[in-house]
Amino acid sequence: VEDHTFDQRWVVSSDDLRDEITGSFKDQSANDQVYKAIHNVVRARLLSGLNVVVDATNINARNRLVIRNYAFLNTPIFYHVVARPLKDKYRTAGWRDDVIVKGQSLIDYHHDRFRKELASILSGDSDPRVTVYDRRVRAKNTGDMNQRDD
């Protein structure tokens with residue numbers, strides 16, 4: 001999330017790490033390694049008493065759990081839920097249009113995974129430390145943030 005209220009030194013970006021690991025932020029082939037790197041950086045920052053913002057789709061429950069587990073029990077955790085209607089994603093796809101993950105376009109793969117995880121994400125994964133900020137954009141025709149706007 002490009003939200004300039006966060007000190008940019010706090011941000012751990014999956015795209016930046018993907019670029020460093022694979023040579024291209026577009027390359028999805030090393031995501032396990034990318035998320036291990038994210039977890040290691042998050043852990044090091046938190047153990048050093050530093051703030052951290054994870055800039056990633058973070059739609060995988062296991063990855064969210066690993067990151068939350070590095071935080072001390074009294075540490076507040078914030079989920080900023082950001083999504084746009086599918087039509088908007090297709091319209092501005094750019095390079096994402098050419099990336100295939102598990103037989104799907106990157107946009108469809110992320111959209112489907114996000115929809116499957118949405119209830120857990122909005123509940124803060126049932127972790128009382130998590131405050132959720134729902135910043136999704138509503139579909140224009142229906143106003144429904146959960147409807148597949150295609």
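Residues numbered from 1 in each chain as written. Predicted model: local features only at pLDDT ≥ 70, side-chain atom pairs only at ≥ 80, totals over all residues. Heavy atoms only, no water.

**Student:** Outline the side chain of Lys89, listing residues and values.
**Tutor:** Following the sequence through the fold, Lys89 ends up in helix H4 (residues 86-91). An unpaired buried charge is present at Lys89: no salt bridge exists, and Asp108, the closest side chain of opposite charge, is 8.5 Å distant. A polar atom in the side chain of Lys89 sits 3.0 Å from the side chain of His111. Other than its neighbours up to four places away in sequence, Lys89 contacts Arg84, Ile107 and His111. (Helix = DSSP H or I, 4+ residues; strand = E, 2+ residues; numbered from the N terminus. Buried < 20%, exposed > 50% of the residue type's maximum accessible area, 1.4 Å probe, protein only. Lys, Arg positive; Asp, Glu negative; His and termini not counted. Salt bridge = Lys/Arg side-chain N within 4 Å of Asp/Glu carboxyl O. Polar contact = N/O pair within 3.5 Å; in protein donor to acceptor, adjacent residues only side chain to side chain. Contact = heavy atoms within 4.5 Å.)

**Student:** Describe the pattern of salt bridges, listing the residues and the values that go with them.
**Tutor:** Applying the stated criterion across every chain, the model contains nine salt bridges. Here Arg9 makes a salt bridge to Asp7, at a shortest N to O gap of 2.6 Å. With a shortest N-O distance of 3.1 Å, Asp127 and Arg68 are connected by a salt bridge. With Asp127 in the loop between helix H5 (106-122) and strand E6 (130-134) and Arg68 in helix H3 (residues 61-70), the pair connects residues that are 59 residues apart, well separated along the chain. Residue Asp127 shares its accessibility class with Arg68, and that shared class is buried. Within this structure, Arg64, Arg68, Glu117, Asp125, Asp127 and Arg129 form a network of salt bridges that share partners.

**Student:** Quick rundown of the environment of Lys26? Include the residues and the values.
**Tutor:** Mapped onto the elements, Lys26 comes out in the loop between helix H1 (14-22) and helix H2 (31-47). Sequence separation of Lys26 and Arg96 is 70 residues, and the distance between their C-alpha atoms is 7.6 Å. The contact partners of Lys26, leaving out residues within four places of it in the chain, are Arg18, Trp95 and Val99.

**Student:** Residues and numbers for the packing of H1 against H2, please.
**Tutor:** Two measures define how a pair of helices packs: the angle their axes make with one another and the distance between the axes. Their axes nearest at 9 Å, the elements H1 and H2 cross at an angle of 120°. When the interaxial angle is binned, H1 and H2 end up oblique. As H1 packs across H2, the resulting crossing turns out to be right-handed. Here H1 contributes Ser14, Leu17, Arg18 and Ile21 to the contact with H2, which in turn contributes Asn31, Gln33, Val34, Tyr35, Ala37 and Ile38. Here the contact of H1 with H2 is composed, by residue class, of six nonpolar, three polar and one charged. (Axes fitted to C-alpha atoms, helices over the stretch in contact; angles between N-to-C directions. Parallel < 35°, antiparallel > 145°, perpendicular 65-115°, else oblique. Left-handed = near helix turned anticlockwise from the far one by under 90°. Nonpolar A, V, L, I, M, F, W, Y, C, P; charged D, E, K, R; others polar.)

These figures come from the coordinates and say nothing about function on their own.
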